[in-house]
Amino acid sequence: GENVEQHPSTLSVQEGDSAVIKCTYSDSASNYFPWYKQELGKGPQLIIDIRSNVGEKKDQRIAVTLNKTAKHFSLHITETQPEDSAVYFCAAGSNFGNEKLTFGTGTRLTIIP
Amino acid sequence: SQTIHQWPATLVQPVGSPLSLECTVEGTSNPNLYWYRQAAGRGLQLLFYSVGIGQISSEVPQNLSASRPQDRQFILSSKKLLLSDSGFYLCAWSTGGEQYFGPGTRLTVT
């Protein structure tokens, strides 16, 4: 089955700086890679995703890159703000059939004012 | 627009008692449905998923079960809770691969 590794487990950055979280996956059949933000006591929120036919996708301060050959994808947050503090999860899976996702272990991001 | 509801929001149950958690989705038809468990400070463990009414697949052998009596209703149950069943239970729905999570139920088994 699919295996997703996520690094780092914790990350602290100064407000205004950039943050990068990296994930690797094992199953070359995976074609869908979402990122989730989870605030304390809440369910994960889908913030951005990328499909295997695209190498990069951007939404305002958030971007995701995908390297299919190396089987890794990354989340980039620029101009970080205190409200970006949360736990971020990457995932890998398919966008057809049972659409199961395998999640990384999460990154706790802290923005230092 | 689509919305997903879970209840109750919090639950404290003694060991050996039964459990029933409910999840309903509005604004979509024939979604895939999922139950996850998240231990404190940990990642997401997929427990069950369903691609249609009455179709349940189990990912982890345990004392929990799931049912899907209606297209947009997903229920997680147990006959006898264990201490290890404590955690944050999340329901999710998907279409086209995108999964959306509910607000979760915090279960504490005492």
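Here the structure is a predicted model, which is why all the values come from computation and not from measurement.

(A) A look at the overall build of chain A. Along its length, chain A carries zero helices and eleven strands. Counted from the first residue to the last, chain A has its helices and strands arranged as β-β-β-β-β-β-β-β-β-β-β. The C-alpha radius of gyration of chain A comes to 14 Å, within 12% of the 13 Å expected for a compact globule of 113 residues. Expressed as lengths along the three principal axes of its C-alpha atoms, the size of chain A is roughly 45 × 30 × 20 Å. By residue count, 46% of the 113 residues in chain A fall in the buried class.

(B) Expanded view of the overall build of chain B. The helix and strand inventory of chain B stands at zero helices and eleven strands. Starting at the N terminus and ending at the C terminus, chain B contains elements arranged as β-β-β-β-β-β-β-β-β-β-β. Here the C-alpha atoms of chain B give a radius of gyration of 13 Å, agreeing with the 13 Å that 2.2 N^0.38 yields for 110 residues. Along the longest, intermediate and shortest principal axes, the C-alpha atoms of chain B span 40 × 25 × 20 Å. Looking at chain B as a whole, 47% of its 110 residues qualify as buried. Long-range pairs, those at least 24 residues apart, make up 53% of the contacts in chain B between residues at least 6 apart in sequence. Counting only carbon and sulfur atoms, one obtains 52% of the accessible surface of chain B, whose full area is about 5,100 Å².

(C) Quick look at the interface of chain A and chain B. Each partner contributes to the interface: chain A provides 20 residues, whereas chain B provides 24 residues. Of the roughly 1,600 Å² buried between chain A and chain B, counting both surfaces, carbon and sulfur atoms make up 52%. Of all residues in chain A, the largest losses of buried area upon contact with chain B belong to Glu99(A), Lys100(A) and Phe103(A), amounting jointly to 31% of the total for that side. Linking chain A with chain B are two salt bridges. Our count for the chain A to chain B interface comes out at eight residue pairs in polar contact (both at pLDDT 80 or more). When contributions to the side of chain A that touches chain B are tallied by element, the ones reaching two or more residues are strand S4 (32–38), strand S5 (45–51) and strand S10 (101–103) of chain A. Its residues assigned to classes, the side of chain A that touches chain B shows seven nonpolar, eight polar and five charged.

(D) The arrangement of the sheet that holds strand S1 (residues 3–7) of chain B in detail. Residue and element names in this part refer to chain B. Spatially, four strands are ordered S1-S3-S8-S7 in an open sheet, and the strand pairing comes out antiparallel. The sheet is open, and its two borders are formed by S1 and strand S7 (64–70), each paired with just one other strand. Each strand of the sheet is rotated relative to its neighbour by a mean of 20°, with strand direction disregarded. One ladder, built from five bridges, connects S7 with strand S8 (residues 73–78); its direction is antiparallel. Each bridged residue has a counterpart across the sheet, and for Ser65 the counterpart in S8 is Ser77.

(E) Structural context of the pattern of salt bridges. Residues and elements named next belong to chain A. Scanning the model with the defined rule gives eight salt bridges over all chains in all. The salt bridge partner of Glu39 is Lys37, with a shortest N-O separation of 3.7 Å. Judged by relative accessible area, Lys37 falls into the buried class, the value being 14%. Between Arg61 and Asp84 there is a salt bridge, with its nearest N and O atoms 2.9 Å apart. Remark: Asp84 occurs in the loop between strand S8 (72–77) and strand S9 (86–93) and Arg61 occurs in the loop between strand S6 (56–59) and strand S7 (62–67); sequence separation between them is 23 residues. Look at the salt bridges and you will find they share partners, linking Lys37, Glu39 and Lys42 into a network.

(F) Representation of the side chain of Gln73(B) within the structure. All names here are of chain B. Counting through the fold element by element, Gln73 comes out in strand S8. Polar side-chain contacts of Gln73 include one of 2.6 Å to the side chain of Glu22. Apart from the residues lying within four places of it in its own chain, the contact partners of Gln73 are Glu22, Cys23, Thr24, Leu33, Ser67 and Arg68.

(G) How the structure looks around the environment of Glu79(A). Residues and elements named next belong to chain A. Of note, Glu79 is situated in the loop between S8 and S9. With 17 residues separating them in the primary sequence, Glu79 and Ile62 have C-alpha atoms 9.5 Å apart. In this view, Glu79 contacts Gly16, Asp17, Ser18 and Arg61; residues no more than four positions away in its chain are not counted.

Calculation rules
Residues numbered from 1 in each chain as written. Chains lettered and ligands numbered in written order. Predicted model: local features only at pLDDT ≥ 70, side-chain atom pairs only at ≥ 80, totals over all residues. Heavy atoms only, no water. Helix = DSSP H or I, 4+ residues; strand = E, 2+ residues; numbered from the N terminus. Rg over C-alpha atoms; globule rule 2.2 N^0.38 Å. Buried < 20%, exposed > 50% of the residue type's maximum accessible area, 1.4 Å probe, protein only. Contact = heavy atoms within 4.5 Å. Areas by Shrake-Rupley, 256 points an atom, 1.4 Å probe, with all protein chains shown as cover. Buried area = accessible area lost by both parts, 1.4 Å probe. Salt bridge = Lys/Arg side-chain N within 4 Å of Asp/Glu carboxyl O. Polar contact = N/O pair within 3.5 Å; in protein donor to acceptor, adjacent residues only side chain to side chain. Nonpolar A, V, L, I, M, F, W, Y, C, P; charged D, E, K, R; others polar. Pairing = 2+ DSSP bridges. Axes fitted to C-alpha atoms, helices over the stretch in contact; angles between N-to-C directions.

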